[in-house]
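# Structure assessment
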Amino acid sequence: MPQPNRVQSSDFLVRRAEKADAALPATDGTFTWFGPVDAPEQRYRFVIVRDSGAEVSVVPGSDAKFKVGLKAWRWKGPQSEDAAEKPGVYLVVKTTARRVDLKKV
């Protein structure tokens, strides 16, 4: 016998959407800014997965691509408030579809 089309709060699709919204709220998270060494005016924001001082893992974005062996500058913010601000230099160690690992040079 066919079931009537109705949405219940216990529907697995609804629960999955509620869990996803609760797990990754848009305002929470730790971000950092990386940019190419040859273009200091370009900075891209990335979500930090792990930050242990000399090693950083970020979620790759669609704006910027990382390649193993290339260097990137890590900035403190989206814009330089201080003209004498020195970025940290990081080397791309590993890239996957879900994570980019960088190591401080």
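Reference entry: report on the structure contained in this document. Predicted model, so just to flag it, every value in this text is computed and none were measured.

Considered as a void within the structure, the largest pocket measures approximately 240 Å³ in volume. If you go around the largest pocket, you meet 16 residues; those closest to its centre are Gly35, Pro36, Lys65, Phe66 and Lys71. Among the elements of the structure, strand E1 (31-36), strand E2 (44-51) and strand E4 (71-75) are those that each provide at least two residues to the lining of the largest pocket. Counting residues per element, the lining of the largest pocket draws most heavily on E1, at three residues.

As a further point, take the pattern of salt bridges. Enumeration over the complete set of coordinates arrives at three salt bridges. Arg74 is the salt-bridge partner of Asp51, the closest N and O atoms lying 3.1 Å from each other. Placement of Asp51 in strand E2 and of Arg74 in strand E4 is noted, with a sequence separation of 23 residues between them. A relative accessible area of 40% places Asp51 in the partly exposed class. Owing to a relative accessible area of 16%, Arg74 belongs among the buried residues under this scheme.

By the criterion of burial, E4 is predominantly enclosed, with four of the five residues buried. In the sheet, E1 pairs with E4 via four bridges, with the strands oriented antiparallel. Counterpart to Pro36 in the pairing with E4 is Ala72. Where E4 meets strand E5 (residues 88-95), four bridges bridge the pair, whose relative direction is antiparallel. In the strand pairing of E5, Arg74 is matched with Gly88.

Quick look at the sheet that holds strand E3 (residues 55-58) now. In spatial order, the strands read E1-E2-E3-E6-E5-E4; together these six strands close into a barrel with antiparallel pairing. Geometrically, the sheet is characterised by an average inter-axis angle of 45° between neighbouring strands, direction not taken into account.

Locating Ser57 in the fold gives a position in strand E3. Of the polar contacts made by the side chain of Ser57, one reaches the side chain of Asp101; its length is 2.6 Å. In contact with Ser57, not counting residues within four places along its chain, are Val47, Ile48, Val49, Arg50, Arg99, Val100 and Asp101.

Here we come to the packing of aromatic side chains. Enumeration over the complete set of coordinates arrives at five aromatic pairs. Their ring planes at 90° and their centres at 5.8 Å tell us that Phe34 and Tyr90 sit as a pair that is edge-to-face. Residue Phe34 is found in strand E1, and its partner Tyr90 is found in strand E5; the two are separated by 56 residues along the sequence. For Phe34, a relative accessible area of 1% gives the class buried. Accessibility expressed as a relative area gives 4% for Tyr90, which makes it buried. By the ring-pair criterion, three or more aromatic residues cluster together here, those being Phe34, Phe46, Phe66 and Tyr90. Note that Arg43 overlies the ring of Trp75, its terminal NZ or CZ placed 3.6 Å from the centroid. Its end group placed over the ring of Phe31, Arg45 keeps NZ or CZ at 3.9 Å from the ring centre.

Cut-offs used in this document
Along each chain, the written sequence defines residue order, and numbers are assigned to residues from 1. In view of the model being predicted, local features appear only for residues whose pLDDT reaches at least 70, and side-chain atom pairs are presented and counted only at 80 or more, with totals across whole chains, interfaces and linings using the full set of residues. Only hydrogens and water are removed before side-chain values are computed, so all heavy atoms of the structure are retained for them. The rule is simple: put a 1 Å grid over the protein atoms alone, call a set of points where a 1.4 Å probe fits but cannot get out a cavity, call an open set with protein on both sides within 12 Å along at least five of seven lines a pocket, and count a residue as lining if it has an atom within 4 Å of a point. Grid points are joined across faces, edges and corners, and a volume is the space filled by probe spheres set on the points. Secondary structure follows DSSP: runs of H or I at least 4 residues long count as helices, runs of E at least 2 residues long count as strands, and numbering of each begins at the N terminus. In the sections that follow, a salt bridge refers to a side-chain nitrogen of Lys or Arg positioned within 4 Å of a carboxyl oxygen of Asp or Glu. Think of it in three bands: with a 1.4 Å probe and only protein chains considered, a residue is buried below 20% of the maximum accessible area for its type, exposed above 50%, and partly exposed in between. Here, a strand pair is defined by DSSP locating no fewer than two bridges between the strands. Helix axes are fitted to C-alpha atoms over the stretch in contact, other axes to C-alpha atoms as well, and angles between N-to-C directions run from 0 to 180 degrees. For this analysis, a polar contact is any N or O atom pair within 3.5 Å, provided that within protein one partner can donate a hydrogen and the other can accept it, and provided that sequence-adjacent residues contribute only side-chain to side-chain pairs. Note on contacts: a residue pair is in contact if any heavy atoms of the two residues lie within 4.5 Å. Here a Phe, Tyr or Trp ring, Trp counted by its six-membered ring, pairs with any other such ring whose centre lies within 6.5 Å, and the pair is stacked when the planes are under 30 degrees apart, edge-to-face when over 60, and tilted otherwise. By the criterion adopted, a ring carries a charge over it if an Arg CZ or a Lys NZ lies within 6 Å of its centre and within 35 degrees of its normal.

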